[in-house]
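Architecture and fold: a report
These are the residues of each chain, in order.
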Amino acid sequence: MATLTLDHLRVTYPNGVVAVRDFSLEVADGEFVVLVGPSGCGKSTVLRSIAGLEPADSGRILLDGRAVNDLAPGDRDVAMVFQNYALYPHMSVYKNMSLALRLRGMPKPDTDMRVRDAAASLGLSDLLDRKPGELSGGQRQRVALGRAIVREPRVFLFDEPLSNLDARLRGSMRAELKSLHQRLRTTSIYVTHDQEEAMTLGDRVVVMNKGEIQQVGAPLDIYAQPTNRFVAGFVGTPPMNFFEGSVTRDGASAWFVPANPAAGRFPIPASKAHSLANRSPPAITLGLRPQAFQVTAPGGGTGVWAVTVRVVEPLGESMDLICDWFGQPLRARVTADPTIRPGQTIGLLVDEPRALWFNPDEFGATL
Ligand SMILES: Nc1ncnc2c1ncn2[C@@H]1O[C@H](COP(=O)(O)OP(=O)(O)OP(=O)(O)O)[C@@H](O)[C@H]1O
Ligand SMILES: [Mg+2]
């Protein structure tokens, strides 16, 4: 096992694309860190640099405090698991799993023990003689994992290993991966564009955008305290609602006035009123998660928004209401209620302390 340090890593491709800029991260021994971000933000490039498959233009990669930038991929003692599994189709499961050890010159009995142990822990013992083409997607994925495990690397690198699986299998493999990590405690970096996967798997989550780190933290801290509008909108399902407007003062209290003033005004909680009331210019963005709404009768006081229901999406215990709030669309996730129908005007009670406030500029820093 190992600690891994990325120190001001920068990676440019030969075509001039700067895929990773100034990326610094410390991964503790035994930690499971997830890199998450939209397609093209540089996640795979970070992994490939750690594995030695992509040279860094600058910055250092340290394993247990020693720079590995100049080591060949095979000498870095890291194992990478890819989205497409990359298994050898003409080799049996056993051969696929044992190959790296045999190439390393490990004696047959030791190789055999490692492969059989890993196969047992992954539920592959009965499949060792099959070829990859004779396996389901989930089984193939387990072989790819097994092949990485037998090497007993210092670091595991996972690049979207579950994205080829259907939703149900993905859920169960996710749980298997988590329990595997709890057993092996190998330092791991896991890449996904699925924020839910990131939240459920990571000890810590690194949110990336455009080759840069936006925020690093424990999943629930990132959810509750996103550092900017990008993170707020990327983490959490369904995505957060954003409302443009401005702040006005009225004596000791401060109010949010939406772009369409017909919608009324919304009290800014006392804890924020002081810091937000004197903004100049007063423009501000309000963020509310769909879960921050609750259905109530329309016209029920200042914390209640009168909205028109456009679409109802039943989800079982809960339902999503896509509503119109004076020309502004919003999504609310509320307790299922079969009496609510499209076209109806309802009240949404807003859980005011859950409101987040952002600068309306392109960086959208949380205020
Ligand atoms: N071999 C390459 N040559 C040139 N540009 C590349 C190469 N590979 C990736 N890029 C570019 O570098 C940027 C980062 O790519 P990368 O594959 O790291 O993104 P990603 O976050 O893994 O995306 P995805 O979620 O789609 O896998 C993108 O703009 C991409 O187009
Ligand atoms: Mg990728």
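As a starting point, this report considers the structure included with it. Computed from a predicted model, the values in this text were never measured in an experiment.

So, the overall build of the protein chain
Summing up its helical and strand segments, the protein chain has nine helices and 20 strands in all. By principal-axis analysis of the C-alpha atoms, the protein chain measures approximately 80 × 50 × 35 Å. Buried residues in the protein chain amount to 46% of all 367 residues. Taking contacts inside the protein chain between residues at least 6 apart in sequence as the whole, the part at least 24 apart equals 65%. Accessible surface, the protein chain as shown: approximately 17,300 Å² in total, 51% of it carbon and sulfur. Distance between charge centres in the protein chain, computed from 39 positive and 39 negative side chains, equals 3 Å.

A few points about the sheet that holds strand 20 (residues 356-358)
Ordered in space as 13-12-11-14-20, the five strands form an open sheet in which the pairing is antiparallel. Edge positions in the sheet fall to strand 13 (266-267) and strand 20, since each of these pairs with one other strand and no more. Bridge analysis of strand 11 (residues 241-250) against strand 14 (residues 283-288) gives six bridges, and the strand direction is antiparallel. Each residue of the ladder has a partner; that of Ser 246, found in strand 14, is Ala 283. Along the sheet, helix 9 (residues 270-277) contacts strand 11, strand 12 (253-258), strand 14 and strand 20; its crossing angle with strand 11, the most-contacted strand, is approximately 75°.

Topic: the site of ligand 1
Contacts to ligand 1 come from 13 residues, most closely from Ser 39, Gly 40, Lys 43, Ser 44 and Thr 45. A distance of 2.5 Å separates an oxygen atom of ligand 1 from a polar side-chain atom of Ser 39. Residue Lys 43 places a side-chain N or O atom 2.8 Å away from an oxygen atom belonging to ligand 1. If ligand 1 stood free it would expose 640 Å²; the protein chains cover 61% of that surface. By residue number, the principal contributor to the shell around ligand 1 is helix 1 (residues 43-51), which donates three residues.

Parameters and conventions
Residues numbered from 1 in each chain as written. Chains lettered and ligands numbered in written order. Predicted model: local features only at pLDDT ≥ 70, side-chain atom pairs only at ≥ 80, totals over all residues. Heavy atoms only, no water. Helix = DSSP H or I, 4+ residues; strand = E, 2+ residues; numbered from the N terminus. Buried < 20%, exposed > 50% of the residue type's maximum accessible area, 1.4 Å probe, protein only. Contact = heavy atoms within 4.5 Å. Areas by Shrake-Rupley, 256 points an atom, 1.4 Å probe, with all protein chains shown as cover. Lys, Arg positive; Asp, Glu negative; His and termini not counted. Charge placed at Lys NZ, Arg CZ, Asp CG, Glu CD. Pairing = 2+ DSSP bridges. Axes fitted to C-alpha atoms, helices over the stretch in contact; angles between N-to-C directions. Near = heavy atom within 4 Å. Polar contact = N/O pair within 3.5 Å; in protein donor to acceptor, adjacent residues only side chain to side chain.

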